[in-house]
Amino acid sequence: MAAVAPAWLLGLFLLRTTAAEEAFEDNGVRCQYRQIKDKAFSGLTVWLKFSTEDEAKHFCDVHQDCIGYHLHPHTRLWYVHPPNAELTADEITKGFVAYKKRELTCESFTEEL
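Residues numbered from 1 in each chain as written. Predicted model: local features only at pLDDT ≥ 70, side-chain atom pairs only at ≥ 80, totals over all residues. Heavy atoms only, no water.

**Student:** What is the right way to look at the state of the cysteines in this model?
**Tutor:** Within this structure, the stated rule accounts for two disulfides. Disulfide partner of Cys 31: Cys 106, at an S-S distance of 2.0 Å. Between Cys 31 and Cys 106 the disulfide shows an S-S torsion of about 115 degrees. By sign, it is right-handed. Of this pair, Cys 31 sits in strand S1 (residues 29-37) while Cys 106 is found in strand S7 (residues 97-108), placing the two residues 75 residues apart along the sequence. A sulfur-sulfur separation of 2.0 Å characterises the disulfide bridge that pairs Cys 60 with Cys 66. (Disulfide = S-S within 2.5 Å. Helix = DSSP H or I, 4+ residues; strand = E, 2+ residues; numbered from the N terminus.)

Below you can see the structure in the form of structure tokens.
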């Protein structure tokens, strides 16, 4: 008998796949970020993890609700965070580098036709 994945696992996979595909849609928005050393975002939700800073920054640029991202020095992954996350500093966050989106700097580079 073939093994069947539980419905919740399939749903989680589809949600993750959809989010990853949306991460690379380009709406032409580019933002600037403030670099903050030895701090990390903390909250109940982490949207996605990326292997490169460019991927994390691009995701945050195109998603208005993304407030920033940080590098986890042990996993070497970049984590993006929604608005309910806050920047924290303690012994655990030493070596982290966080990037907080500067909303006023976001500009659209799409051309009007």
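After presenting the structure, the write-up continues.
**Student:** Any chance you could explain the packing of aromatic side chains here in plain terms?
**Tutor:** Any pair of aromatic rings gets described here by the distance separating the centres and the angle formed by the planes. This structure, assessed with the given rule, holds six aromatic pairs. Seen in terms of ring centroids, Trp 78 and Tyr 99 are 6.0 Å apart; in terms of plane orientation they differ by 45 degrees. Their pairing is tilted. Within this pair, whereas Trp 78 is found in strand S5 (residues 77-81), its partner Tyr 99 is found in strand S7, the two being separated by 21 residues in sequence. In this structure Trp 78 comes out as buried when scored by relative accessible area, which is 9%. Since its relative accessible area comes to 13%, Tyr 99 is described here as buried. Taken together, the ring pairs in this structure connect Tyr 33, Tyr 69, Trp 78 and Tyr 99 into an aromatic cluster. (Phe/Tyr/Trp six-rings, centres within 6.5 Å; stacked < 30°, edge-to-face > 60°. Buried < 20%, exposed > 50% of the residue type's maximum accessible area, 1.4 Å probe, protein only.)

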